[in-house]
2 protein chains.
Amino acid sequence: MATTGHEHTVKAFDEDIKHLRALISQMGGLAEEAIRDAMIALQRGDTKLAKEVRRKDKAIDAIEAEVEKLAVRVIALRAPMADDLREVVAALKIAAVIERIGDYAKNIAKRTPLIHASDGERIEAISLLPAMAQMAGDMVHDVLDAFSARDAEAAIRVSERDARLDDFYDSIFRTLVTYMVENPRTISEVAHLLFVAKNIERIGDHATNVAEMVYFAATGQYLADRDTDTAEN
Amino acid sequence: MATTGHEHTVKAFDEDIKHLRALISQMGGLAEEAIRDAMIALQRGDTKLAKEVRRKDKAIDAIEAEVEKLAVRVIALRAPMADDLREVVAALKIAAVIERIGDYAKNIAKRTPLIHASDGERIEAISLLPAMAQMAGDMVHDVLDAFSARDAEAAIRVSERDARLDDFYDSIFRTLVTYMVENPRTISEVAHLLFVAKNIERIGDHATNVAEMVYFAATGQYLADRDTDTAEN
């Protein structure tokens, strides 16, 4: 054997980290796909696709469980210090956030039959949402790229886009309320669209949370003094 | 020294677990209080109390960070096995869920000024929500008691109450929509109440998630084959 025990441990740790990162990339890809498919299902009233989104969410949940198991094992077996520990804990937390993003997408998909139930009439207000969802999905995509590249600056740029998404949400909220006032027959359906808009806005919040975790993992510093409220707004 | 090295380790681990449990009890107490105060603020239009709820949420977040730090340290230093590891991981996850419950309460509090903004007119529909919030708050209280007592049966009983809370939500959703149709001038305010109702329903979902974690920590089995959707509905 040319490697010492220490080198062996370091190598094994690097392999574990690589595996954790691969799992998170995979989760992220599935979450992005879920957002996209959920919005398509919603717009087209495609309940079959909506069901597919719900079914695939189980895959995201399963990968999260795998990340958790692996991260806990790495901490217990290798007792990593400082930077390494920060990286493993970040992986654990980021996986939990992506799982939630998947849940939001699933929830959007679930509303498909509720929005198209009444009489096949198309609710115009729905046309506002895809652009918002695209913006949120892009944030998810870019923050996972930042994670892969351990790029703290890219993470900051993602977090800065959340304010625009919030503005978009506020504007859609007002538009939907106006639509309800003018079309009282559609209030129930449009109320579901309000929740969809809120879910999209929450996806942006979670992408921002991930950005903060990426920043912390990369630098050991908190992306501080910014008003990035993590509340369920 | 009368204790062996092994006994010392076991004792230290027990102390750590006790500390983790105490932190979680404390978080739980704060979360219950936050739910209660948020509802009082909302009903009375008490924006000062609403701000207080938001301020106190930082204490919940801080305890969660402490739980995370301690749990990771315990896993790394003591490399617990089987039951013990399950217990530490459960503590880590339960703390994260309570933190989210606190966020929901904070979010309810945040809507206080939005609901009372228009013209001081009282929205009758608001009177439906406190009973629902009480039901959700009781679930949070009882599931944390189950955690303290490591009582798997009590955890099951909490999880079984979630269906009733969901029915309550559905009924409130319909009532609020009807109210909007009949009082179009209040649509914007009542839309915020819809989100409040949804937040309360989500608190129940999270209490149910905790019940599942308590059950798993106590028994090593999953509270399986029950349709406990963890999605953001």
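What counts, and at which threshold
- Residues numbered from 1 in each chain as written.
- Chains lettered and ligands numbered in written order.
- Predicted model: local features only at pLDDT ≥ 70, side-chain atom pairs only at ≥ 80, totals over all residues.
- Heavy atoms only, no water.
- Helix = DSSP H or I, 4+ residues; strand = E, 2+ residues; numbered from the N terminus.
- Buried < 20%, exposed > 50% of the residue type's maximum accessible area, 1.4 Å probe, protein only.
- Contact = heavy atoms within 4.5 Å.
- Least-squares fit on C-alpha atoms with pLDDT ≥ 70 in both.
- Salt bridge = Lys/Arg side-chain N within 4 Å of Asp/Glu carboxyl O.
- Buried area = accessible area lost by both parts, 1.4 Å probe.
- Phe/Tyr/Trp six-rings, centres within 6.5 Å; stacked < 30°, edge-to-face > 60°.
- Lys NZ or Arg CZ within 6 Å of the ring centre and 35° of its normal.
- Expected span 1.5 Å × (residues − 1).
- Axes fitted to C-alpha atoms, helices over the stretch in contact; angles between N-to-C directions.
- Parallel < 35°, antiparallel > 145°, perpendicular 65-115°, else oblique.
- UniProt positions renumbered as here; feature names shortened; annotations may be inferred.
- pLDDT = per-residue confidence, 0-100.
- Polar contact = N/O pair within 3.5 Å; in protein donor to acceptor, adjacent residues only side chain to side chain.

Chemist: Give a detailed account of the overall build of chain A, specifying residues and quantitative values.
Modeler: What chain A contains, in helices and strands, is eight helices and zero strands. Beginning at the N terminus, the succession of helices and strands in chain A can be written as α-α-α-α-α-α-α-α. Projecting the C-alpha coordinates of chain A onto the three principal axes gives extents of approximately 75 × 40 × 20 Å. A burial count over chain A gives 53% of its 233 residues as buried. Look at the contacts in chain A between residues 6 or more apart in sequence, and 83% of them connect residues 24 or more apart.

Chemist: Requested: an account of the relation of the copies chain B and chain A, with residues and values cited.
Modeler: Overlay of chain B on chain A (RMSD 0.0 Å): rotation 180°, translation along the axis 0.0 Å. One copy is carried onto the other by what is essentially a two-fold rotation axis. Identified as the residue of chain B closest to the rotation axis by C-alpha distance is B:A76, at 2.4 Å. In this assembly the copies share their binding face: 100% of the residues contributing to the interface of chain B also contribute to that of chain A.

Chemist: So what's going on with the pattern of salt bridges? Residues and values would help.
Modeler: All names here are of chain A. Inspection of the entire model under this criterion finds 24 salt bridges over all chains. Across the salt bridge formed by E87 and R21, the nearest N and O atoms sit 2.3 Å from each other. One end of the pair, E87, is in helix α3 (residues 82-110); the other, R21, is in helix α1 (residues 5-44), and 66 residues separate them in sequence.

Chemist: Talk me through the interface of chain B and chain A; I want residue IDs and the actual numbers.
Modeler: Listed by partner, the interface residues are 37 residues for chain B and 37 residues for chain A. Buried surface at the junction of chain B and chain A, summed over both partners, amounts to about 3,000 Å²; 63% is from carbon and sulfur atoms. Between chain B and chain A we count two salt bridges in total. Between B:K93 and A:E68 there is a salt bridge, with the nearest N and O atoms lying 2.6 Å from each other.

Chemist: Explain the packing of aromatic side chains to me, using residue names and the numbers behind them.
Modeler: This structure, assessed with the given rule, holds seven aromatic pairs over all chains. Both rings, one in A:F216 and one in A:Y222, keep their centres 4.6 Å apart while their planes meet at 20°; by these two values the pair is stacked. Owing to a relative accessible area of 23%, A:F216 belongs among the partly exposed residues under this scheme. Chaining the aromatic ring pairs together yields one cluster made of A:Y169, A:F173, A:F195, B:Y169, B:F173 and B:F195. Here A:R21 stacks its cationic end above the ring of A:F147, 4.5 Å away from the centre of that ring.

Chemist: Account for helix α7 (residues 162-182) of chain B, with residues named and values stated.
Modeler: Count 3.6 residues to each turn of an α-helix, and residues three or four apart come out pointing the same way. Spanning 21 residues, α7(B) covers 30 Å between terminal C-alpha atoms, matching the ideal 30 Å at 1.5 Å per step. Against the buried residues of α7(B) lie α7 (162-182) and α8 (187-219) of chain A together with α5 (129-148), α6 (152-160) and α8 (187-219) of chain B.

Chemist: Give me the lowdown on the packing of α3(A) against α8(A), citing residues and values where you can.
Modeler: α8(A) packs onto α3(A) with a crossing angle of 170° between their chain directions and a minimal axis gap of 10 Å. It follows from the interaxial angle that α3(A) and α8(A) lie roughly antiparallel.

Chemist: Describe unusual backbone geometry, and please don't skip the residues or the numbers.
Modeler: Here the phi dihedral of A:A79 falls at roughly 40°; this positive angle occurs in a residue that is not glycine. Within the element layout of this structure, A:A79 appears in the loop between α2 (47-78) and α3.

Chemist: Just give me the short version of the UniProt feature "domain: PhoU" (unreviewed entry) in chain A, but keep the residues and values in it.
Modeler: All names here are of chain A. Here, UniProt's "domain: PhoU" (unreviewed entry) annotation points to residues 24-112 and 131-214. Taken end to end, residues 24-112 is 93% helix and 0% strand, and its two terminal C-alpha atoms sit 28 Å from one another. Within the segment residues 131-214, helix and strand shares are 90% and 0% respectively, and the terminal C-alpha atoms sit 26 Å apart.

Chemist: Tell me about the environment of B:G137, and name the residues and values.
Modeler: All names here are of chain B. Mapped onto the elements of the fold, G137 is located in helix α5. The spacing of G137 and G204 is 67 residues in sequence and 7.9 Å in space, taken between C-alpha atoms. Not counting the four nearest positions on each side in its chain, G137 is found in contact with E32 and I35.

Chemist: Help me get a handle on the confidence of the model for chain A, residues and values and all.
Modeler: Residues and elements named next belong to chain A. Averaged over every residue, the pLDDT of chain A is 90; the share at 70 or more is 91%. Between the elements of chain A, mean pLDDT differs from a low of 91, seen in helix α4 (residues 112-115), to a high of 97, seen in helix α6 (residues 152-160). The model gives residues 225-233 a pLDDT under 50, and that stretch makes 30 contacts with residues more than four places away or in other chains. Confidence metrics for the complex model read pTM 0.89 and ipTM 0.86.

Chemist: How would you sum up α6(B)? Please name residues and give values.
Modeler: Residues and elements named next belong to chain B. For α6, every residue scored as buried is listed here: A152, A154, A155, I156, V158 and S159. Looking at the buried residues of α6, the elements they touch are α5, α7 and α8. You can read the cap of α6 off the contacts: a side-chain oxygen lies 3.1 Å from the backbone nitrogen of E153, and it is on D151.

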